[in-house]
Amino acid sequence: MRAPFFVLEHHRAMTALAIGLALATSFSLYSLMNRRQLLTAAALAPLAAAPLVPAPVLAEDPPELNAEQVLELVRRSYALQNHRMNGQLRDDDTGKVEPLELTLTGKVMRFRFKNPPPEIVHLDLTTAPATLWQVKAGGSSPVPLANAAEPVRGMDFNYEDLSLRFTYWKNVKMMDSTARLTAARVKCWLIRVTAPDQKGPYYTVDLWVEKESGGVAKMEAYDTRSKMVKRFQVTKVQKVDGATVLKEMRIESFNPGDGAPKGRTYLTLDKPEKQ
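On a predicted model such as this, the values are computed, not experimentally measured, just so you know.

Please set out the overall build of the chain residue by residue, giving values where relevant.
Per the secondary structure count, the chain includes 3 helices and 14 strands. Expressed as a percentage of the 275 residues in the chain, the buried residues total 52%. Only carbon and sulfur atoms are counted for the fraction: they give 51% of the accessible area of the chain, which is about 12,100 Å².

Describe the nonpolar core, listing the residues and the values that go with them.
Within the largest apolar cluster, 49 residues are counted, with the highest numbers of intra-cluster contacts made by L162, V205, L207, V209 and L267. At 5 residues, the largest contribution of residues to this core is made by helix α2 (residues 67-79). Grouped together as the second largest cluster of nonpolar side chains are 7 residues, A179, L181, L190 and W208 included.

Before we move on, can you summarise unusual backbone geometry with the specific residues and values?
The peptide bond linking P116 to P117 adopts the cis configuration, its omega dihedral lying at -5 degrees. Looking at the secondary structure, you find P117 in the loop between β3 (108-113) and β4 (119-124). Cis geometry is adopted by the peptide bond preceding P129, which originates at A128 and carries an omega value of 0 degrees. For P129, the location among the structural elements is in the loop between β4 and β5 (131-136). Its identity as a non-glycine residue notwithstanding, R153 has a phi of 55 degrees, on the positive side. Among the structural elements, R153 can be located in the loop between β6 (139-142) and α3 (159-163). What makes R153 buried here is its relative accessible area of 11%. Of note, the phi angle at S226 is positive, near 65 degrees, even though the residue is not glycine. By the secondary structure assignment, S226 is in the loop between β10 (216-222) and β11 (228-240).

Give me the pairing of β5: which residues, what numbers.
As defined by bridge partners, β4 adjoins β5 across 5 bridges and the pair is classed as antiparallel. Pairing of D124 across the sheet is with T131, part of β5. Where β4 folds back on β5, the antiparallel hairpin that results is connected by 6 residues. Pairing analysis gives 4 bridges linking β5 to β6, with the strands arranged antiparallel. Within β6, the position partnered with Q134 by the bridge is S141. Between β5 and β6, which pair antiparallel one after the other, the connecting turn spans 2 residues, and G138 there sits at a positive phi close to 105 degrees.

Give me the lowdown on the packing of aromatic side chains, citing residues and values where you can.
Inspection of the entire model under this criterion finds 1 aromatic pair. Summarising the aromatic geometry, the rings of F166 and W169 are spaced 6.4 Å apart at their centres and angled 70 degrees between planes, so their arrangement reads as edge-to-face. Judged on exposure class, the residue F166 and its partner W169 are both buried. The side chain of K218 reaches across the aromatic face of W208, ending 4.9 Å from its centre.

Help me get a handle on the pattern of salt bridges, residues and values and all.
Per the stated rule, a full pass over the model turns up 18 salt bridges. D92 is the partner of R264 in a salt bridge, and the nearest nitrogen-oxygen pair spans 3.2 Å. Of the two residues, R264 sits in strand β13 (residues 261-269) while D92 sits in the loop between β1 (81-91) and β2 (97-106), which places them 172 residues apart along the sequence. The salt bridge partner of R250 is E252, with a shortest N-O separation of 3.4 Å. Residue R250 is classed as partly exposed on the basis of its relative accessible area, which comes to 23%. Residues joined in a network through salt bridges with shared partners are R90, D92, K218, E220, R231, R250, E252 and R264.

Describe the confidence of the model for the chain, with residues and values.
Put simply, the chain has an average pLDDT of 75, and 73% of its residues get 70 or more. Per-element mean pLDDT across the chain ranges from 49 in helix α1 (residues 35-44) up to 94 in strand β7 (residues 171-181). Confidence drops under pLDDT 50 across residues 1-38; counting only partners more than four residues distant or on other chains, this segment forms 282 contacts. For residues 43-62, every residue scores under 50 in pLDDT, and the model assigns this stretch 15 contacts once sequence neighbours within four places are set aside.

Criteria and thresholds
Residues numbered from 1 in each chain as written. Predicted model: local features only at pLDDT ≥ 70, side-chain atom pairs only at ≥ 80, totals over all residues. Heavy atoms only, no water. Helix = DSSP H or I, 4+ residues; strand = E, 2+ residues; numbered from the N terminus. Buried < 20%, exposed > 50% of the residue type's maximum accessible area, 1.4 Å probe, protein only. Areas by Shrake-Rupley, 256 points an atom, 1.4 Å probe, with all protein chains shown as cover. Core = buried A, V, L, I, M, F, W, Y, C linked by side-chain atoms within 4.5 Å. Pairing = 2+ DSSP bridges. Phe/Tyr/Trp six-rings, centres within 6.5 Å; stacked < 30°, edge-to-face > 60°. Lys NZ or Arg CZ within 6 Å of the ring centre and 35° of its normal. Salt bridge = Lys/Arg side-chain N within 4 Å of Asp/Glu carboxyl O. pLDDT = per-residue confidence, 0-100. Contact = heavy atoms within 4.5 Å.

Below you can see the structure in the form of structure tokens.
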């Protein structure tokens with residue numbers, strides 16, 4: 001089986017975190033549903049509001065998806081998981097390491113950061129858009145949109161990346177239904193989502209969604225002036241029970257003024273453990 005990865009980036013993977021890391025999360029990191037199940041679910045999603053209408057029988061090869069269906073595929077890849085992974089965030093400039101535990105249970109994605117001060121961030125996927133909660137000493141509270149651009153644990157990774165909010169933006173456009181990614185020329189859909197307002201750190205986000213796995217292989221985020229400010233890309237993958245899952249993802253931030261790199265963070269994950 002193939003496994004989609006989140007916002008989510010390499011020529012053989014992704015689910016975010018999410019992009020995610022999906023960490024997106026985001027950007028989810030992988031799914032144990034196979035490609036046909038995911039593509040079928042995405043194609044039939046618009047029929048969910050009319051359960052009495054018989055579902056059509058799909059051909060052996062699922063039909064080509066439109067932009068909205070591809071985005072639905074990305075959202076589903078985050079929600080259908082039940083695993084735990086240990087890993088770390090590493091700042092490429094300073095060498096700072098932030099150990100973390102990522103738990104995917106039902107429709108909740110939970111990040112536990114182990115260094116003091118202790119912090120837990122969990123993403124509730126039962127709401128639309130998903131709700132990001134921050135748990136610290138004294139209680140928990142939703143992360144306000146005003147804090148979306150704040151870095152997580154001082155890394156090139158912010159709460160917008162963890163929230164997967166951009167996967168719920170309604171303005172989605174197919175940029176290239178026959179896109180190719182990397183030297184391996186992996187077949188992808190390239191879709192662009194545009195924010196409904198200018199309140200967050202990103203205004204448009206481009207997602208390369210791998211056709212074979214149904215996961216996001218790369219993400220680029222732009223500001224209101226169409227200047228790139230963030231890029232996620234899967235750099236290493238690993239095989240687990242025949243599925244391709246994330247091992248390493250590179251997260252880069254850029255100065256929108258001149259395009260110069262501002263920082264680089266690597267997310268690495270151990271093999272997942274079934275819960």
